Amino acid sequence: MPETTVLDAARRAAPNESSAPRAFVKSFGCQMNVYDSQRMADLAAGEGYREAAGPEDADLIVLNTCHIRERASEKIYSELGKLRELKEERSRAGRRTTLVVAGCLAQAEGGEILRRQPAVDVVVGPQSYHRLPELLREAEARPGVVDTDFPAEDKFSRLPASAPEAVARRGVAAFVTVQEGCDKFCSFCVVPYTRGAESSRPVSAILSEIEHLARSGVREIMLIGQNVNAYHGADRQGRPVGLAPLIAAAAAVPGILRLRYATSHPNDMDDELIAAHGRLEALTPYLHLPVQSGSDRVLASMNRRHRVADYINVVDRVRAVRPDIALSSDFIVGYPGETDAEFQATLDLVREVGFASSYAFKYSARPGTPAAEMAGQVDEPVKAERLGALQALLEEQRQAFNRACVGRRLAVLFEKPGRHEGQIIGRSPYMQAVFAEGPASRIGEIAEVEIVGLSANSLRGRIVSPTS
Ligand code: SAH
Ligand code: SF4
Ligand code: F3S
């Protein structure tokens with residue numbers, strides 16, 4: 001290892017802010033990917049990097065990638081092509097740029113990324129990014145470092161706490177990863193391979209992180225995991241605790257006004273968690289519960305291990321304790337072998353349940369997953385047609401849900417200034433964006449807002465409650 005490294009130089013330079021090196025971390029994936037990006041930014045800050053506004057003024061560029069669908073991966077390679085040019089340009093100006101590819105594509109493709117794009121200095125997977133500082137040092141001596149291990153050590157305990165200023169910059173709503181990985185092996189999905197086996201963080205570590213966030217101004221926490229309701233972290237006595245008691249403990253942290261969680265698997269919606277929706281004031285009446293398909297045959301082939309009726313049963317039980325709950329879901333159209341009648345069954349399920357918002361995707365064959373090898377791959381035009389039909393129905397339901405909110409009073413947590421002077425924007429309990437006239441001092445507060453109108457993607461409201 002060289003005596004003096006860029007990082008050492010960074011540390012020395014840190015007190016003089018203008019000459020400090022800058023890091024740019026860009027997220028391409030899900031909420032966990034966003035959380036990981038923030039934690040990598042924290043690691044970079046610990047090494048003396050300040051946040052860069054964009055890649056052009058960054059000495060360290062981290063792309064945190066996703067592998068869930070083919071398009072997600074292709075996007076990264078085209079982005080890397082552009083960054084190679086930027087790196088060369090900066091190099092001609094005598095500035096060094098370190099290029100890191102992190103995340104699920106890094107895990108899936110490892111050294112292949114270096115072969116396809118030699119300008120990359122470091123490839124690091126989602127379970128080893130806490131080693132980023134060491135990897136940067138290694139890459140300085142010898143670019144082209146790959147770390148896609150699933151180390152035994154606890155990544156989270158090795159991450160530095162986010163600086164209060166960074167937390168404040170990120171806003172009043174924050175993600176906290178509580179569970180990671182997946183053992184379910186749905187036949188279409190790469191996550192069990194890219195994120196590894198399911199594991200839960202201990203309760204005390206999660207609560208300390210939430211307390212720290214709350215002290216730095218966070219008011220809403222979203223507990224996240226690939227299968228967050230499979231959470232079974234240890235309490236102080238080492239006994240496993242489910243998601244419901246964790247939510248209750250998080251709700252008791254001073255300053256925390258609102259909690260939500262994602263993403264849930266229908267099979268892990270236990271009685272205690274369902275009851276929590278009726279019991280816990282701070283838990284938002286919003287549930288993202290992916291179903292993927294409305295056909296039992298397709299669900300079985302997907303290895304989802306539940307039937308349509310089981311899903312509806314979960315929905316009924318949640319609605320029984322929380323009648324106003326807003327539901328959202330994920331759907332895949334054009335899964336191998338999906339017939340037109342099976343697709344129609346998905347539309348029927350959507351009509352039966354009624355969703356406030358949802359995501360629909362065309363099936364994308366992922367290398368190494370069982371579904372990619374199945375007979376009956378569906379043609380692209382058929383997938384496109386089904387996606388269009390499903391999205392139209394989901395959009396109709398979303399708009400109907402929003403229209404039904406007009407005239408109601410909703411508790412809005414204000415998050416940031418709006419586009420116009422004197423306007424602030426927040427979220428309803430159903431996660432809709434709500435605009436209102438109001439002072440910036442109300443950001444971070446929950447106010448009662450009368451919904452007076454609609455825009456394409458948001459609600460317009462009038463604050464009716466006095467400042468708390
Ligand atoms: N753990 C969550 C979802 C993780 S991935 C769950 O079990 O529901 C997020 C969404 O991406 C999935 O719900 C699914 O709808 C979609 N998805 C995953 N793999 C896909 C693939 N190969 N093609 C298309 N969509 C996919
Ligand atoms: Fe993927 Fe299924 Fe695991 Fe969700 S439950 S992450 S869809 S394998
Ligand atoms: Fe993508 Fe990995 Fe998340 S594949 S969806 S970034 S878990």
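Note that the structure is predicted; figures quoted are calculated from it, not measured.

Scanning the protein chain from N- to C-terminus turns up 15 helices and 19 strands. For 468 residues, the compact-globule estimate of 2.2 N^0.38 gives 23 Å, and the protein chain sits close to it at 23 Å. For the protein chain, the spread of C-alpha atoms along the principal axes amounts to about 65 × 60 × 50 Å. Across the protein chain, the fraction of contacts at a sequence separation of at least 24, relative to all contacts at a separation of at least 6, is 70%. In the structure as shown, the protein chain presents an accessible area of about 20,200 Å², 50% of it carried by carbon and sulfur atoms.

Right, let's get into the sheet that holds strand 4 (residues 98-103). Strand order in the open sheet formed by six strands is 2-1-3-4-5-6, with parallel pairing between adjacent strands. At either end of the open sheet lies a strand with only one pairing partner, and these are strand 2 (50-51) and strand 6 (145-147). Relative to strand 2, strand 1 (residues 22-27) runs parallel, the two sharing two bridges. Of the residues in strand 2, the one forming a bridge with Arg22 is Arg50. Lying on the sheet, helix 6 (residues 132-141) is in contact with strand 3 (60-65), strand 4, strand 5 (122-124) and strand 6; it crosses strand 5 at an angle near 155°.

This part covers the site of ligand 2. Neighbouring ligand 2 are the residues Cys182, Lys184, Phe185, Cys186, Phe188, Cys189, Val191, Pro192, Asn227, His265 and Arg304. For the shell around ligand 2, the residue count by class is seven nonpolar, two polar and two charged.

Let us now look at the confidence of the model for the protein chain. Per-chain confidence: the protein chain averages 95 in pLDDT, with 96% of residues scoring 70 or above. Here residues 1-16 is modelled with pLDDT under 50, and outside its nearest four sequence neighbours on either side it reaches 26 contacts, counting other chains as well.

At the junction of Ala262 and Thr263, the peptide bond is cis and its omega measures out at -5° in the coordinates. Positioned with a positive phi, Met431 is a non-glycine residue whose angle comes to about 70°. Within the secondary structure layout, Met431 lies in the loop between strand 16 (423-427) and strand 17 (433-437).

Per the stated rule, a full pass over the model turns up five aromatic pairs. The interplanar angle of 70° and the centroid separation of 5.5 Å between the aromatic rings of Phe185 and Tyr193 together place this pair among those described as edge-to-face. Ring centres of Tyr335 and Tyr363 lie 5.6 Å apart, and the angle between their planes is 75°; this geometry places the pair in the edge-to-face category. With Tyr335 in the loop between strand 13 (326-333) and helix 14 (340-353) and Tyr363 in the loop between strand 14 (357-362) and helix 15 (380-405), the pair connects residues that are 28 residues apart, well separated along the chain. Like Tyr335, the residue Tyr363 is buried in the burial classification. Its guanidinium or amino end placed over the ring of Tyr77, Arg116 lies 3.5 Å from that ring's centre, counting from NZ or CZ.

Attention now goes to the site of ligand 3. Near ligand 3, the surroundings consist of Cys30, Asn33, Thr65, Cys66, His67, Ile68, Cys104, Arg195 and Gln226. Partitioned by chemical class, the residues of the shell around ligand 3 number four nonpolar, four polar and one charged.

This part is about the side chain of Asp235. For Asp235, the position within the fold is in the loop between strand 10 (220-224) and helix 10 (243-251). Side-chain polar atoms of Asp235 contact the backbone nitrogen of Gln237, separated by 2.9 Å. Setting aside residues no more than four positions away along its own chain, Asp235 makes contact with Val203 and Val241.

In this section: the pattern of salt bridges. Counted under the stated rule, the structure contains 36 salt bridges. Salt-bridge contacts for Asp59 lead to Arg90; the nearest nitrogen and oxygen are separated by 3.0 Å. Highlighted residues: Asp59 in the loop between strand 2 and strand 3 and Arg90 in helix 3 (residues 70-92), separated in sequence by 31 residues. On the accessibility criterion, Asp59 (22% relative accessible area) is partly exposed. Accessibility expressed as a relative area gives 3% for Arg90, which makes it buried. Linking Asp235 and Arg239 is a salt bridge whose minimum nitrogen-to-oxygen distance equals 3.3 Å. Classification of Arg239 as partly exposed rests on a relative accessible area of 48%. Each member of the salt-bridge network shares a partner with another, and the members are Arg39, Asp42, Arg170, Arg201 and Glu209.

Here we take up helix 10. Among the residues making up helix 10, those that are buried are Leu243, Ala244, Leu246, Ile247 and Ala250. Down the axis of helix 10, the sector holding all buried residues measures 160°, keeping them to one side. Check the buried side of helix 10 and you find it contacts helix 9 (203-215), strand 10, strand 11 (258-262) and helix 11 (271-279).

The next thing to look at is the nonpolar core. With 68 residues, the main nonpolar core has Ile221, Leu223 and Tyr261 as its most contacted residues. Those residues in contact with Ile221 that lie beyond four places of it in its chain are Ala174, Val176, Ile210, Leu213, Ile256, Arg258, Leu259 and Arg260. Counting residues in each nonpolar core, the second largest holds 25 residues, with Ala23, Tyr35, Leu43 and Phe175 among its members.

Definitions and cut-offs
- Residues numbered from 1 in each chain as written.
- Chains lettered and ligands numbered in written order.
- Predicted model: local features only at pLDDT ≥ 70, side-chain atom pairs only at ≥ 80, totals over all residues.
- Heavy atoms only, no water.
- Helix = DSSP H or I, 4+ residues; strand = E, 2+ residues; numbered from the N terminus.
- Rg over C-alpha atoms; globule rule 2.2 N^0.38 Å.
- Contact = heavy atoms within 4.5 Å.
- Areas by Shrake-Rupley, 256 points an atom, 1.4 Å probe, with all protein chains shown as cover.
- Pairing = 2+ DSSP bridges.
- Axes fitted to C-alpha atoms, helices over the stretch in contact; angles between N-to-C directions.
- Near = heavy atom within 4 Å.
- Nonpolar A, V, L, I, M, F, W, Y, C, P; charged D, E, K, R; others polar.
- pLDDT = per-residue confidence, 0-100.
- Phe/Tyr/Trp six-rings, centres within 6.5 Å; stacked < 30°, edge-to-face > 60°.
- Buried < 20%, exposed > 50% of the residue type's maximum accessible area, 1.4 Å probe, protein only.
- Lys NZ or Arg CZ within 6 Å of the ring centre and 35° of its normal.
- Polar contact = N/O pair within 3.5 Å; in protein donor to acceptor, adjacent residues only side chain to side chain.
- Salt bridge = Lys/Arg side-chain N within 4 Å of Asp/Glu carboxyl O.
- Arc of directions from axis to C-beta.
- Core = buried A, V, L, I, M, F, W, Y, C linked by side-chain atoms within 4.5 Å.

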